[in-house]
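Chain residues, written in single-letter form:
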Amino acid sequence: MAEFDKTVRKDSLLSGDESVKVTVSLRYLTRSCDYKIGQEQLIHSNQVLIGRDGDCDVRYDDSYKTVSRRHASITRDSGNWILNNLSGSNPTLINGRPIRKSWYLSAGDIIQFSIEGPKLEFIVRSVIKEPVAQPIIEKKVISNEPKDELETVYQVVSFCFPFIGAIIWLVNMKSSPNKAKTACYAALLGIGISFLLNVLVGAY
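Calculation criteria
Residues numbered from 1 in each chain as written. Predicted model: local features only at pLDDT ≥ 70, side-chain atom pairs only at ≥ 80, totals over all residues. Heavy atoms only, no water. Helix = DSSP H or I, 4+ residues; strand = E, 2+ residues; numbered from the N terminus. Buried < 20%, exposed > 50% of the residue type's maximum accessible area, 1.4 Å probe, protein only. Areas by Shrake-Rupley, 256 points an atom, 1.4 Å probe, with all protein chains shown as cover. Pairing = 2+ DSSP bridges. Phe/Tyr/Trp six-rings, centres within 6.5 Å; stacked < 30°, edge-to-face > 60°. Disulfide = S-S within 2.5 Å. Core = buried A, V, L, I, M, F, W, Y, C linked by side-chain atoms within 4.5 Å. Contact = heavy atoms within 4.5 Å. Polar contact = N/O pair within 3.5 Å; in protein donor to acceptor, adjacent residues only side chain to side chain. Salt bridge = Lys/Arg side-chain N within 4 Å of Asp/Glu carboxyl O.

With that settled, consider the overall build of the protein chain. Looking only at helices and strands, the protein chain has two helices and eleven strands in total. Along the chain direction, N to C, the helices and strands of the protein chain fall in the order β-β-β-β-β-β-β-β-β-β-β-α-α. Of all 204 residues assigned to the protein chain, the portion counted as buried reaches 34%. Taken as a whole, the protein chain presents about 13,700 Å² of accessible surface, with 58% of it coming from carbon and sulfur.

Okay, here's the thing in structure tokens:
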């Protein structure tokens, strides 16, 4: 368990709100092996090692004599980030004050490795995520107008057959029994065709 200073500050840096994205980075106030002054290094891992050693994440060259090989580390602790002093001979400072072992970092803290040594600024940014646009589902309405028009035509045609046959039968019933008989057959045929057309229309 790390030993913290009595004056430790603890600020929750990571938001529990899923709509807010929090990024943590280090701004270089002094050049390093890999970054120039003013550039930022985004923190992706849960631990950042700082020093002159070749495997450090923040590397300083040998011109910084007071920076130890493994001088300090920044580690993630749930919703917070902790600065740990790893050097036994060279101090690590926060805002000009040396820490003994560990310190909870706050946004805007200035980290320095030895007095007159290189500096970093601890940066925390919160960005509100844009809501994911919900897909628009268009309801396709299938029109039955062509079917309705066709059904009307069938009904008119099917009505005409028996109607015309009945008129011919009535006109010729007394004067021409043969024509009346033919008209009667035509009316019956019309009724059959009418029934068949209505069945077909209903099927479609």
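Continuing now.
Let's shift gears to the sheet that holds strand β3 (residues 47-51). Taken together, the five strands give an open sheet; going across it, the order is β4-β3-β5-β6-β9, and neighbouring strands pair in mixed fashion. Each having just a single partner strand, β4 (58-59) and β9 (102-104) make up the two edges of the open sheet. The sheet contact formed by strand β5 (residues 72-77) and strand β6 (residues 80-85) spans six bridges and is antiparallel. The residue bridging A72 from the neighbouring strand is N85, located in β6.

Moving on, we come to the packing of aromatic side chains. Evaluated as defined, the whole model comprises three aromatic pairs. Seen from their ring centres, Y28 and Y35 are 4.8 Å apart, and the 10 degrees between their planes marks the pair as stacked. For Y35, a relative accessible area of 24% translates into the label partly exposed. When the centroid spacing of 5.4 Å and the interplanar angle of 80 degrees are considered together, the rings of Y60 and Y64 count as edge-to-face. Each member of the pair, Y60 as well as Y64, carries the same accessibility label: buried.

This part is about the state of the cysteines. Tallying each qualifying case throughout the model produces zero disulfides. Distance from the sulfur of C33, which forms no disulfide, to the nearest cysteine sulfur (C56) is 9.6 Å. C33 gets classed as partly exposed once you look at its relative accessible area, which sits at 36%.

Turning next to the nonpolar core. Counting residues in each nonpolar core, the largest one holds 22 residues, and the members touching the most others are Y60, I74, I111 and L120. Going through the elements one at a time, β1 (20-28), β3, β5, β6, β10 (110-113) and β11 (119-128) are the ones with two or more residues in this core. Per element, the largest residue contribution to this core is three residues, and it comes from β1. Leaving out residues up to four positions away in the same chain, I74 has contacts with L26, N46, Q47, V48, I50, W81, I82, L83, L105 and I111.

Turning to the side chain of S25, a few remarks are in order. Take S25: it is sitting in strand β1. Within the structure, S25 has its side chain in polar contact with the side chain of E40 (distance 3.1 Å). The residues contacting S25, other than those within four sequence positions of it, are E40, Q41, L42, I43, E121, F122, I123 and R125.

Bringing the pairing of β10 into the picture now. Across three bridges, the pairing between strand β7 (residues 92-94) and β10 is antiparallel. Bridge pairing links T92 to F113 in β10. In this structure, β10 lies alongside β11, joined through three bridges in antiparallel fashion. Across the sheet, Q112 pairs through a bridge with K119, a residue of β11. Between the antiparallel neighbours β10 and β11 lie five residues, among them S114 with a positive phi of about 80 degrees.

On the secondary structure map, G54 appears in the loop between β3 and β4. For the pair formed by G54 and R70, sequence separation is 16 residues and the distance between their alpha carbons is 9.7 Å.

For the rest of this paragraph, the subject is the pattern of salt bridges. In this structure the tally under the stated criterion is eight salt bridges. As a salt-bridge pair, E40 and R27 come within 3.1 Å of each other at their nearest N and O atoms. Here R27 lies in strand β1 and E40 lies in strand β2 (residues 40-42), a separation of 13 residues in the sequence. With a closest N to O distance of 3.1 Å, E121 and R27 form a salt bridge. Of this pair, E121 sits in strand β11 while R27 sits in strand β1, placing them 94 residues apart in sequence. For E121, a relative accessible area of 17% gives the class buried.

Everything listed is a geometric property; what it means functionally is a separate question.
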